[in-house]
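# An overview of the molecular structure
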Amino acid sequence: MHHGKYRFIAGFLAGPLALYTVFVIWPFLQAVYYSFTDWTGLSPDFAFTGLRNYERLLDDEVFWKSFQHSVLLVVLVPLVTIALALFFAFMLNVGGRRRRGAAVTGVRGSAFYKIVYFFPQVLSIAIVALLFQFAYNPGNGAINAGLRAVGLDSVQPDWLGDPDYALWSVMAVLVWCTVGFFVVLFSAGMSSIPLDFYEAALLDGASRVTTFFRITLPLLWDTVQSGWIYMGILALGAEAFAVVQIMTVGANGGGPDYSTTVLPLYVYVKAFRDGQAAYATTIGVALLVVTLAFAAVVMRLGRRERLEY
Amino acid sequence: METTDTPPPPAPDAVPRHGVPEEPPVRKTGPGGRRRPRRSGEGRTLNAFSHGMLVLWAFMVVMPLLWAVMTSFKTDREIFTAPWSLPASPQFENWARAWGQAHMSDYFLNTVLVVGGSLTGTMLLGSMAAYVLARFEFPGNRFLYFLFIGGMSFPVILALVPLFYVLNNLALLNTLHGLILTYIAYSLPFTVFFLTAFFRTLPTTVAEAALIDGASHARTFFQVMLPMARPGLISVGIFNFLGQWNQYMLPTVLNTDPERKVLSQGLVQLAVSQGYKGDWSGLFAGLVMAMLPVLAAYIVFQRQVVAGLTAGALK
């Protein structure tokens, strides 16, 4: 019996573990190792160079620009997204006028809003980025044409081509496509909060704003926190990469004068365009450090006593 | 739409609800006969404001999508001269051109093959690993569990450079099965995390009964446990489907053969080359073509999709 059990365990774990080790764990460990070498990625030869790549990082202006942009992205995008999503979710669940004797209800049509808001979430980020690239087109894109239509002929920014606006335009797209997910996520959390809490607060004369900050937010805090980390990881990694790489196709990748370049894009450029695989992995390690630091900060900020209900 | 209590989409002109004194006649007063105990000014301005914001955001979400659909029926000339007006006469040949000449049909087929293979593999391997980790005590269990779920937190781009050479050495670069294996591997962390928790919640008695009746462990798993786990499998399956269907970064790096591009990659490729050829209308048709199937699937299965996507984040 016991023999059979271990054979079964080994048999079931072998496949997944092999695949996971070869394609995830092993490349990940290799990446850290390569960051101490001068590997180009083009030839099999390389030498161990110690911390030289890391020293180079400190003097690399483009790295610091990417770093700043990534930090800006990881701070602002989740903040705006989550604030908007909390507001919408609160309206959809608690913001309605009282009817049918219920103390709190959502606004009318809340189910409809939840379905619509979620649309961008099911679309590929590549499609979203392409769509907005057209919309942002300065000459004949939808946004500037819309501005002209309402009489703002003088306001015709070159959204993605102007270093002052490019990064903000990209961030707006990230917010646009993730708010819906959080609205639905927070709605699910809010609907599990017992209604008597609201009834009691409303009887005591609390306003909606007060009930939001005193009841909803504290009880939702765990969800907000895990959503925050999830969003931050996206804004540092894959999503930011796709949006920046597709929308801002400057000569160097990353917009005019590196105004939108972010860490994952810089890794990609160094590895697959410049043939500096080892240096690219060094930037990747820096990205990992930023990601872990971000997660640690959010966890630390979010430490509160757990509320049970 | 199988939602109850959903009024028809609010028309944009319904935005300012300032002056509206009451909800359309309250059909029944509530059980207690309590009709809006406090009707303060605060409540009303807040209502107008919040409705306005809600409608505005719905508008902002839907507009770009409608705009894309509209644009896909225009001529190139119209796209540039009148971005916001309706097409003078709908150009259906844009769609035909995108499907055939612009290789959208090939990109679709590649995507279906890759996602079909990787989704099957992910669900099978993920549930096997999760089942073992959730239900059996053995040395190293905790370690393996954390090894798997640790993958959720690190940036994929860091592993991508060495991964490129791993695939190259295994002769898997630029092949669809190479992409399938990679998708499976990168979907395992969340799948294992989610399904381990799910298998722990299933009752043990049924599996024990099957074992006593002489079923092997493997048979118990496939014939008893997997069917019982169906709700969890559907949730995580939808999550993986959307993630893999929409994947962009992995194929961009690991699959550069023009013949084998997947949808998201193919569209970006089209956009870049279209810059020279100038077939913008065809490109928009392609974009919409890629958008519609997932949107349609979402509208039909929206309950399951939402449950699947939010289940992971909500404990």
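Residues numbered from 1 in each chain as written. Chains lettered and ligands numbered in written order. Predicted model: local features only at pLDDT ≥ 70, side-chain atom pairs only at ≥ 80, totals over all residues. Heavy atoms only, no water.

## Here's the deal with the side chain of Asn93 of chain A
All names here are of chain A. By the secondary structure assignment, Asn93 is in helix 3 (residues 61-93). A distance of 3.1 Å separates polar atoms of two side chains, one belonging to Asn93 and the other to Ser187. Look past the residues within four positions of Asn93 in its chain and what remains in contact with it is Thr105, Gly106, Lys114, Ser187, Met190 and Ser191. (Helix = DSSP H or I, 4+ residues; strand = E, 2+ residues; numbered from the N terminus. Polar contact = N/O pair within 3.5 Å; in protein donor to acceptor, adjacent residues only side chain to side chain. Contact = heavy atoms within 4.5 Å.)

## Here we look at the packing of aromatic side chains
Overall, the coordinates contain 58 aromatic pairs over all chains when judged by the stated rule. Centroid distance Tyr145 of chain B to Phe146 of chain B: 5.3 Å. Interplanar angle 70 degrees. Geometry classified as edge-to-face. Classification of Tyr145 of chain B as buried rests on a relative accessible area of 10%. One residue, Arg56 of chain A, lies across the ring of Tyr279 of chain A, its end atom 3.6 Å from the ring centre. If you follow Arg200 of chain B out to its NZ or CZ, it ends over the ring of Tyr145 of chain B, 5.7 Å from the centre. (Phe/Tyr/Trp six-rings, centres within 6.5 Å; stacked < 30°, edge-to-face > 60°. Buried < 20%, exposed > 50% of the residue type's maximum accessible area, 1.4 Å probe, protein only. Lys NZ or Arg CZ within 6 Å of the ring centre and 35° of its normal.)

## Re the interface of chain B and chain A
Across the boundary between the two partners, chain B contributes 110 residues, which contact 100 residues of chain A. Carbon and sulfur atoms supply 78% of the area that chain B and chain A bury against each other, a total of about 9,500 Å² over both sides. Sorting the residues of chain B by area buried against chain A places Leu54, Trp57 and Leu158 of chain B first, and these three jointly supply 8% of that buried surface. For the pair chain B and chain A, the number of links is 12 residue pairs in polar contact (both at pLDDT 80 or more). Considered class by class, the residues forming the side of chain B that touches chain A number 85 nonpolar, 16 polar and nine charged. (Buried area = accessible area lost by both parts, 1.4 Å probe. Nonpolar A, V, L, I, M, F, W, Y, C, P; charged D, E, K, R; others polar.)

## Quick notes on helix 8 (residues 166-190) of chain A
Residues and elements named next belong to chain A. Here helix 8 is 25 residues long and its end C-alpha atoms lie 36 Å apart, about the 36 Å a rise of 1.5 Å per residue gives. Largest kink in helix 8: about 35 degrees, centred on Thr178. Across the 25 residues of helix 8, 22 count as buried, placing the element largely inside the fold. (Expected span 1.5 Å × (residues − 1). Bend = angle between axes of the 7 residues up to and from the residue.)

## Observations concerning the environment of Leu233 of chain B
Residue and element names in this part refer to chain B. Note that Leu233 resides in helix 10 (residues 230-245). Residue Leu233 is classed as buried on the basis of its relative accessible area, which comes to 19%. On a C-alpha basis, the gap between Leu233 and Leu195 in space is 7.5 Å, while along the polypeptide they are 38 residues apart. For Leu233, the residues in contact, after removing those within four places along its chain, are Met123, Ser127, Leu195 and Leu226.

## Points about the pattern of salt bridges
Enumeration over the complete set of coordinates arrives at three salt bridges over all chains. When the shortest N-O distance is used, the salt bridge between Arg273 of chain A and Asp274 of chain A registers 2.7 Å. Using a relative accessible area of 47% as the deciding quantity, one classes Arg273 of chain A as partly exposed. Asp274 of chain A sits in the partly exposed class, given a relative accessible area of 27%. Its salt-bridge partner being Asp257 of chain B, residue Arg260 of chain B comes within 2.6 Å of it at the nearest N-O pair. Assessed through its relative accessible area of 18%, Asp257 of chain B is described here as buried. (Salt bridge = Lys/Arg side-chain N within 4 Å of Asp/Glu carboxyl O.)

## Some remarks on the nonpolar core
Ranked by size, the top nonpolar core spans 210 residues in total, and within it Phe186 of chain A together with Phe199 of chain B carry the most contacts. Excluding anything up to four places from it in sequence, Phe199 of chain B contacts Ser127, Ala130, Tyr131, Ala134, Arg135, Phe221, Met225, Leu226 and Ala229 of chain B. (Core = buried A, V, L, I, M, F, W, Y, C linked by side-chain atoms within 4.5 Å.)

## Some words on the environment of Asn240 of chain B
Residues and elements named next belong to chain B. Looking at the secondary structure, you find Asn240 in helix 10. In the structure, Asn240 is positioned 117 residues away from Met123 in sequence and 8.8 Å away in space, judged by C-alpha atoms. Setting aside residues no more than four positions away along its own chain, Asn240 makes contact with Leu119, Thr122, Met123, Ser187 and Thr191.

## Overview of a nonpolar patch on the surface
Residues Tyr33, Phe46 and Phe48 of chain A make up a contiguous nonpolar surface patch of about 330 Å² in total accessible area. Relative to the assigned elements, Phe48 of chain A resides in the loop between helix 1 (2-34) and helix 2 (52-58). (Patch = residues over 30% accessible without salt bridge, like charges linked within 9 Å, V, L, I, M, F, W, Y side chains within 5 Å. Areas by Shrake-Rupley, 256 points an atom, 1.4 Å probe, with all protein chains shown as cover.)

## Quick word on the packing of helix 7 (residues 176-201) of chain B against helix 10 of chain B
Residues and elements named next belong to chain B. Taken N-terminus to C-terminus, the directions of helix 7 and helix 10 make an angle of 155 degrees; their axes are 10 Å apart at the nearest point. In this view, helix 7 runs roughly antiparallel relative to helix 10, as classed from their interaxial angle. As for how helix 7 packs across helix 10, the hand of that crossing is right-handed. Judged by residue contacts, Tyr183, Ser187, Phe190, Thr191, Phe194, Leu195 and Phe198 of helix 7 engage Pro231, Gly232, Leu233, Ser235, Val236, Phe239, Asn240 and Gln244 from helix 10. Considered class by class, the residues forming the contact of helix 7 with helix 10 number nine nonpolar, six polar and no charged. (Axes fitted to C-alpha atoms, helices over the stretch in contact; angles between N-to-C directions. Parallel < 35°, antiparallel > 145°, perpendicular 65-115°, else oblique. Left-handed = near helix turned anticlockwise from the far one by under 90°.)

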